[in-house]
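Structural overview for review
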Amino acid sequence: MSDNTRARRSIRQLLTPSLYVETVYDLPGEWLKERAITSIITDLDNTLVPWRDYRVAGELADWFDSLHKSGYKTLILTNARPAPTIQELSRKLNTKLVVGAGKPVTRFFRKALEILDSKPHQTCVIGDQLFTDVLGGNLVGCHTVLVERIGHREFVGTRIMRLFERLVKKRMGTM
Ligand SMILES: [Mg+2]
């Protein structure tokens, strides 16, 4: 195998989620249990709520409640700038929070793991983007879950990244 092939393979692995589900609510409890996952790091915009809409829906609050009751530790890791509305959302959901991150840079995932006091193999990262959530989570060795984005509004830079994402998914046959 040439170096080139090896590099390509690992990039492919880094951009492949461990699991793909439509929404966070479809994340199977058995899947978490089988892997002895105890902590969940989740993206915010387009994963938990529509882009920049930080009102808490009952279904979302219930989901976090049931995770906490089952003993999971949770943290929201978002590249969004700090805002009182995000603080408020995280307080209502009873989660830890890291805002103003720069996913996929690994230092932010490591910070999240440190706050959760969790090892990568005990942790799953959930998000709607391959190049931030899945790539970053895989780089630090976490389990990764890709969800369908909620809604269609998003940051213009994200929309450009979606074009690349579509190309990658097509090449990998995950779309
Ligand atoms: Mg997102």
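What comes next is a walk through the structure. (Residues numbered from 1 in each chain as written. Predicted model: local features only at pLDDT ≥ 70, side-chain atom pairs only at ≥ 80, totals over all residues.)

Before going further, it helps to spend a moment on the nonpolar core. In this structure, Ile41, Leu77, Ala112, Cys124 and Ile126 are the most contacted members of the largest nonpolar core, which totals 31 residues. Counting residues per element, the ones that place at least two in this core are strand 2 (39-42), helix 3 (58-69), strand 3 (73-77), helix 4 (84-93), helix 5 (106-116), strand 5 (123-127), helix 6 (130-139) and strand 6 (143-147). Ranked by residue count, the leading element in this core is helix 5, at four residues. Here leucine 77 is in contact with Ile41, Asp43, Val98, Ala101, Lys103, Phe108 and Ala112, once residues within four sequence places are set aside. (Core = buried A, V, L, I, M, F, W, Y, C linked by C-beta atoms within 7 Å. Buried ≥ 20, exposed ≤ 12 C-beta atoms within 10 Å, placed from the backbone. Helix = DSSP H or I, 4+ residues; strand = E, 2+ residues; numbered from the N terminus. Contact = placed C-beta atoms within 7 Å.)

Attention now moves to unusual backbone geometry. Omega for the peptide link from lysine 103 to proline 104 comes to 15 degrees, which places this bond in the cis form. Tracing the sequence through the fold places proline 104 in the loop between strand 4 (96-98) and helix 5. Of note, asparagine 94 is a non-glycine position whose phi angle comes to about 65 degrees, a positive value. Locating asparagine 94 in the fold gives a position in the loop between helix 4 and strand 4. Taking the C-beta count within 10 Å as the criterion, asparagine 94 has 12 such neighbours and is therefore assigned exposed.

Every second residue of strand 2 is oriented toward a common face, with Ser39 and Ile41 on one face and Ile40 and Thr42 on the other, all of them buried. Across four bridges, the pairing between strand 2 and strand 3 is parallel. From the neighbouring strand, isoleucine 41 faces strand 3, where its bridge partner is leucine 75. Running through helix 3, the crossover from strand 2 to the neighbouring parallel element strand 3 is right-handed. (Pairing = 2+ DSSP bridges. Right-handed = clockwise from strand over helix to strand, strands pointing away.)

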